[in-house]
Amino acid sequence: MTKEQNIIEELDQLELKIIELKRFSKEQNIDLSDDISTLEAKLENIQQSAHKHITPWERVKLARHIERPTSLDYIRHLFEDFIELHGDRLYGDDEAIVSGIALFQGKPVTVIGHQKGKTTKENLQRNFGMPHPEGYRKALRLMQQANKFNRPIICFINTAGAYPGKEAEERGQSEAIARNLREMAGFNVPIICIVIGEGGSGGALALGVGNHIFMLENTYYSVISPEGAASLLWKDSSKAQKAAETMKITPPDLLELGAIDGIIPEVLGGAHKNIPLQSEYLRKQLEKSLEELTKLGKEELIDHRYEKFRVIGSFL
């Protein structure tokens, strides 16, 4: 058995023990919170130790893993009574973006996310998660509706970028993205954005103007793909690994730069290894964020979002 397999087995045993203690505590009405907290701290320490040696390029590969959980995977695990809404009311429906209304712990929210497939057929149907303008306009329509009815907005980001084809440009790709950026900045409801896979350029940013922005541990958020950067910098796309290390596109780098608000841990081996458990990690973060943001007034939410983006980066 390899070292990684030993760690995975130890983590599995700890997770099962925690679940058993929680169930026993509830059934027998016994306070075992100290024991549970000790085991959860041990679990987190092992995970952090196992993950800290992952290289930026390895994170990029995990972000692109074909089995990586999609927006719909998380929607199924996190929300109740999800009703998907289609179409931008201007041109058509874009299946590269899913959007709808749902309940999160009994409270109505609007959920929007990039959607990839896990097979060739699904990816063709979803255009490999690269939206056309109508996808962003559909997302904006749902966000405007959420703003009208005072529903928090939760966005899942996972795209290599907006679709660059001729037809997308003819229908106003740049304008659709720019409008989303402008409108999201002014909504007076809480907006929480989570990068769950790839965060590619404006295609990702069009769903990324939030009060809180989080990234899963093995994701990236970048103005250009590592391959694209390598082609520009060194005229050689095979140097993508070097570009990934140079560009500072991983969660630890972006947290240090102030571009995101936090990192959501992943199960060992990547989010696809245990989707239900990974969903619980997201649930905890959503609970915490919503609790914090729902205390703010409408104008405070807009000011909070403005100040957040105003301080990103260095100015001389």
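Worth saying up front: this structure is predicted, and the values here are computed from it rather than measured.

Within the protein, the regular secondary structure consists of 14 helices and eight strands. By the compact-globule yardstick of 20 Å for 316 residues, the protein fits well, its C-alpha radius of gyration being 20 Å. Principal axes of the C-alpha set define a box for the protein whose edges measure 60 × 50 × 50 Å. By the burial criterion, 49% of the 316 residues in the protein qualify as buried. Element-wise, carbon and sulfur atoms account for 53% of the exposed surface of the protein, whose accessible area totals about 15900 Å². Positive and negative side-chain charges of the protein, numbering 40 and 46 respectively, have mean locations separated by a distance of 3 Å.

Packed helices, taken two at a time, are described by their axes: the angle between them and the distance between them. Remark: helix H10 (residues 226-234) packs on helix H11 (residues 240-247), axes separated minimally by 8 Å, with the N-to-C direction vectors making an angle of 95 degrees. Relative to H11, the element H10 is oriented roughly perpendicular. Contact residues: H10 offers Pro226, Glu227, Ala229, Ala230 and Trp234, while H11 offers Ala240, Lys242, Ala243, Ala244, Thr246 and Met247. The residue inventory of the contact of H10 with H11, partitioned by class, reads eight nonpolar, one polar and two charged.

Now for the pattern of salt bridges. Think of it this way: side chains of opposite charge can pair up when their charged atoms draw near. The tally for this structure, following the rule as stated, stands at 15 salt bridges. Across the pair aspartate 73 and arginine 76 runs a salt bridge whose closest N-O atoms are separated by 3.2 Å. Remark: arginine 76 and aspartate 73 occur in helix H4 (residues 71-78); sequence separation between them is three residues, near one turn of the helix. Its relative accessible area of 11% is what places aspartate 73 among the buried residues. As a salt-bridge pair, lysine 166 and glutamate 170 come within 3.9 Å of each other at their nearest N and O atoms. Of this pair, lysine 166 and glutamate 170 both sit in helix H7 (residues 166-170), four residues apart, roughly one helical turn. Of the residues examined, lysine 166 reaches a relative accessible area of 62% and is grouped as exposed. Within this structure, Arg64, Lys116, Glu198 and Glu227 form a network of salt bridges that share partners.

Moving on: the packing of aromatic side chains. According to the stated counting rule, one finds three aromatic pairs in the structure shown. Seen in terms of ring centroids, tyrosine 74 and phenylalanine 156 are 6.1 Å apart; in terms of plane orientation they differ by 35 degrees. Their pairing is tilted. Remark: phenylalanine 156 occurs in strand S4 (residues 153-159) and tyrosine 74 occurs in helix H4; sequence separation between them is 82 residues. Across the pair, phenylalanine 156 and tyrosine 74 agree in class, each one buried.

Cut-offs and rules
- Along every chain, residues carry numbers that run from 1 in the direction the sequence is written.
- The predicted nature of this model means local features are confined to residues of pLDDT at least 70 and side-chain atom pairs, given and counted, to a pLDDT of 80 or more, with totals for whole chains, interfaces and linings taken over all residues.
- Excluded from the side-chain calculations are hydrogens and water; all other atoms, namely the structure's heavy atoms, are used.
- Note on conventions: DSSP H or I runs of at least 4 residues are helices, E runs of at least 2 residues are strands, and numbering of each starts at the N terminus.
- Note on method: radius of gyration uses C-alpha positions; expected globular size equals 2.2 Å times residues raised to 0.38.
- Categorising residues by exposure relies on relative accessible area from a 1.4 Å probe, with only protein chains included: less than 20% of the type maximum marks a residue as buried, more than 50% marks it as exposed, and the intermediate range marks it as partly exposed.
- Computed by Shrake-Rupley with a 1.4 Å probe, the accessible areas treat only the displayed protein chains as cover when residues are assessed.
- Note on charges: Lys and Arg go in the positive column, Asp and Glu in the negative column, and His and the chain ends are not counted at all.
- For the purpose of locating charges, the reference atoms are NZ of Lys, CZ of Arg, CG of Asp and CD of Glu.
- Orientation is described by lines fitted to C-alpha atoms, with helices fitted over the stretch in contact, and by angles between N-to-C directions that extend from 0 to 180 degrees.
- To sort the angles, those under 35 degrees are grouped as roughly parallel, those over 145 as roughly antiparallel, those from 65 to 115 as roughly perpendicular, and the leftovers as oblique.
- Two residues qualify as a contact provided that any one of their heavy atoms is within 4.5 Å of a heavy atom in the partner residue.
- Ten residues, namely Ala, Val, Leu, Ile, Met, Phe, Trp, Tyr, Cys and Pro, are considered nonpolar, four, namely Asp, Glu, Lys and Arg, are considered charged, and the remaining ones, Gly among them, are considered polar.
- In the sections that follow, a salt bridge refers to a side-chain nitrogen of Lys or Arg positioned within 4 Å of a carboxyl oxygen of Asp or Glu.
- Pairs were defined over the aromatic rings of Phe, Tyr and Trp, the Trp ring being its six-membered one, requiring ring centres within 6.5 Å. Orientation was assigned from the angle between planes: stacked under 30 degrees, edge-to-face over 60, tilted for the rest.

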